[in-house]
Amino acid sequence: MGGKAKKGRDEAEGEEEEREGEEEEESVEHVKTTVLGDTATIKRLLDDHVAEVLQGELKYEEDVALSNVKLVVGFAGVGAALASHVYPKPFPHNWWVLLGCCAWYFAMSGVLQFLLSYVELEAFLQLKPRAAQTAGLNIASSLPRFSDRYSLAISPLPHGSLSMWSAPKFRHVPGGADGVYAAEESVTRFFDEDGVFVEAPFADWVKQLVKAYEAGQAQAQGHGQGRAGGGGAGKSVKAE
Amino acid sequence: MEMFTDMYYQLKEMRPRTLAHQVLNLCMIVCSALMIWKSLMVLTESESPVVVVLSGSMEPAFHRGDILFLHMGYSPFRAGDIVVFKVADRDIPIVHRVIKVHEKPSGVVDILTKGDNNSVDDRGLYAAGQSWINKEHIIGRARGYLPYIGMVTIIMNDYPLLKYCLVGLMGLFVLTSKE
């Protein structure tokens with residue numbers, strides 16, 4: 001594992017030097033570093049990069065419906081809270097208004113919590129289908145707190161992000177529902193010992209998974225059957 | 001200092017949608033606190049369900065820095081009740097004990113209060129020309145207390161810069177939180 005990491009780092013260093021030569025205006029701060037062992041930051045960094053690869057290079061578009069619903073619900077609750085605070089009448093007369101605002105706020109808050117705990121789970125990005133695909137993509141990832149195994153999964157969203165509650169779910173134990181393509185890799189492959197992130201191998205790993213997913217979807221559509229993942233349910237792609 | 005520059009870059013690099021979600025997180029936290037306070041107001045029917053004792057006029061019962069829990073209650077006011085009331089031209093409510101109650105046939109109730117540790121009654125504290133307080137001046141009756149925890153509020157009020165710094169820091173941490 002150490003040898004592989006070193007090889008990855010040397011490759012990456014070479015590529016980085018090339019890139020730095022090409023883009024002279026890119027300042028040193030753009031090299032992303034993390035504190036190794038801070039799994040929350042690492043996960044966030046990797047998730048952001050997955051989004052970048054999928055939306056930038058592979059040209060998928062983000063499906064913002066669920067995100068919008070969460071924002072609307074959340075700010076509706078905040079609006080009620082503000083209203084209760086600025087309502088002009090002094091205390092005893094605004095008792096009913098306060099009761100209404102409190103009830104509305106707790107209802108909105110409850111809806112938001114429900115969306116987060118039962119619908120979204122570990123998904124962090126939803127994408128619209130591209131070209132010949134029929135279903136959107138739901139990207140979920142998991143990096144347990146003191147582990148170095150980062151798992152990434154792509155599952156289909158037949159009716160867009162709002163139908164997430166009925167779509168196949170990804171849990172970080174692989175072997176999930178039909179049509180879910182997952183890959184797991186140690187994060188040590190993408191960070192060197194100073195915590196510098198090497199983008200190219202990570203982008204390649206992500207693209208490999210996406211291609212496997214796209215191939216599986218195309219195959220499933222080719223069979224004309226509703227049963228996705230014709231190559232095998234819960235296919236796990238082990239990166240080299 | 002490095003922590004702040006890291007936070008600054010983190011915020012700058014966030015996609016607008018992610019930033020909107022983080023702002024929503026922050027707002028929800030603030031509003032939860034606000035809404036819990038408002039719910040307490042609704043439940044206790046009191047304008048200010050939790051108050052901090054600011055002066056030593058009720059010693060040895062309450063000391064400066066104690067927190068009091070208020071409830072308006074439905075029973076008539078009687079001598080011996082500890083009430084928190086607001087006088088017309090002052091912002092700060094006062095917590096003292098009721099010593100005299102006159103219930104008039106018209107339904108108006110006149111109340112005179114005095115701090116346990118004071119040597120005179122509160123007529124000097126009431127508005128000019130006012131000899132009694134009535135039910136509309138009273139915010140609530142003291143039902144329970146926590147000793148000394150309110151000192152934090154007193155310190156933050158005496159040094160408002162501390163309050164702004166603390167709240168600003170908390171906000172920054174939530175915006176750049178990783179969970």
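Residues numbered from 1 in each chain as written. Chains lettered and ligands numbered in written order. Predicted model: local features only at pLDDT ≥ 70, side-chain atom pairs only at ≥ 80, totals over all residues. Heavy atoms only, no water.

Section: the packing of aromatic side chains
Within the structure shown, the criterion is met by eight aromatic pairs over all chains. Both rings, one in A:Y150 and one in A:F202, keep their centres 6.2 Å apart while their planes meet at 55 degrees; by these two values the pair is tilted. With a gap of 52 residues between them, A:Y150 in strand β3 (residues 149-157) and A:F202 in helix α5 (residues 199-223) connect regions that are remote in the sequence. Since its relative accessible area comes to 0%, A:Y150 is described here as buried. Relative accessible area serves as the criterion here: at 0%, A:F202 is assigned to the buried category. Between the aromatic rings of A:F197 and A:F202, the centroid separation amounts to 5.7 Å while the plane-to-plane angle is 65 degrees, which identifies the pairing as edge-to-face. B:R123 extends its terminal NZ or CZ atom over the ring of B:W132, reaching a point 4.7 Å from the ring centre. When the ring centre of B:F77 is taken as origin, the NZ or CZ atom of B:R141, which lies over that ring, is 4.2 Å away. (Phe/Tyr/Trp six-rings, centres within 6.5 Å; stacked < 30°, edge-to-face > 60°. Helix = DSSP H or I, 4+ residues; strand = E, 2+ residues; numbered from the N terminus. Buried < 20%, exposed > 50% of the residue type's maximum accessible area, 1.4 Å probe, protein only. Lys NZ or Arg CZ within 6 Å of the ring centre and 35° of its normal.)

Things to note about the pairing of strand β3 (residues 82-85) of chain B
In the case of a regular strand, side chains alternate between the two sheet surfaces. Residues and elements named next belong to chain B. Neither face of β3 is exposed, since I82 and V84 on one face and V83 and F85 on the opposite face are all buried. When β3 meets strand β4 (residues 94-103), the two strands line up antiparallel, connected through four bridges. Pairing of F85 across the sheet is with I94, part of β4. Bridge count between β3 and strand β6 (residues 138-146): three bridges; the pairing is antiparallel. Opposite F85, over in β6, you have I138 as the bridge partner. (Pairing = 2+ DSSP bridges.)

Remarks on the UniProt feature "transmembrane region" (unreviewed entry) in chain B
Listed under "transmembrane region" (unreviewed entry) in the UniProt record, and renumbered for this structure, are residues 20-37 and 161-177 of chain B. Segment residues 20-37 of chain B splits into 100% helix and 0% strand. End C-alpha atoms: 26 Å apart. (UniProt positions renumbered as here; feature names shortened; annotations may be inferred.)

So, the side chain of B:S48
Residues and elements named next belong to chain B. Along the polypeptide, S48 turns up in the loop between α2 (16-44) and β1 (50-52). For S48, a relative accessible area of 17% puts it in the buried group. Beyond its immediate stretch of four places on either side in the chain, S48 contacts W37, L70 and I139. (Contact = heavy atoms within 4.5 Å.)

Quick look at the sheet that holds strand β5 (residues 109-114) of chain B
Residues and elements named next belong to chain B. Sheet architecture is open: six strands sit in the order β1-β2-β6-β3-β4-β5, paired in antiparallel fashion. Looking at which strands have only one partner, the edges of the open sheet turn out to be β1 and β5. If you compare each strand with its neighbour and ignore which way they point, the axes differ by 50 degrees on average. Bridge count between β1 and strand β2 (residues 67-71): three bridges; the pairing is antiparallel. Following the sheet pairing, V51 is matched in β2 by L68. (Axes fitted to C-alpha atoms, helices over the stretch in contact; angles between N-to-C directions.)

A closer look at the nonpolar core
The nonpolar side chains of a soluble globular protein tend to be buried with one another. Core analysis: the biggest nonpolar cluster contains 30 residues, and A:L54, A:I139, A:Y150 and A:F202 have the highest contact counts within it. Those residues within four positions of A:I139 in sequence are excluded, and the remaining contacts are A:V50, A:L54, A:E122, A:A123, A:F124, A:L125, A:L127, A:L152, A:A153 and A:I154. Listed in part, the 13 residues of the second largest apolar core include B:M72, B:F85, B:L112 and B:I138. (Core = buried A, V, L, I, M, F, W, Y, C linked by side-chain atoms within 4.5 Å.)

Remarks on the packing of α2(B) against helix α4 (residues 160-175) of chain B
All names here are of chain B. Contact pair α2 / α4: the axes reach a minimum separation of 8 Å and the direction vectors enclose 135 degrees. By the criterion of interaxial angle, the relationship of α2 to α4 is oblique. Between α2 and α4 lies a crossing whose hand is right-handed. Contact residues: Q22, V23, N25, L26 and I29 in α2; G171, V174 and L175 in α4. Grouping the constituent residues of the contact of α2 with α4 by class yields five nonpolar, three polar and no charged. (Parallel < 35°, antiparallel > 145°, perpendicular 65-115°, else oblique. Left-handed = near helix turned anticlockwise from the far one by under 90°. Nonpolar A, V, L, I, M, F, W, Y, C, P; charged D, E, K, R; others polar.)

Topic: the interface of chain A and chain B
In this complex, chain A contributes 33 residues to the contact, which on the side of chain B involves 27 residues. Between chain A and chain B lies a buried interface of about 2500 Å² when both sides are counted; carbon and sulfur atoms form 66% of it. It is A:R44, A:F91 and A:Y105 in chain A that bury the most area against chain B; as a group they hold 25% of the surface buried on that side. Counting the contacts that link chain A with chain B gives zero salt bridges. Elements supplying a minimum of two residues to the side of chain A that touches chain B: α2 (39-57), α3 (65-86) and α4 (95-120) of chain A. (Buried area = accessible area lost by both parts, 1.4 Å probe. Salt bridge = Lys/Arg side-chain N within 4 Å of Asp/Glu carboxyl O.)

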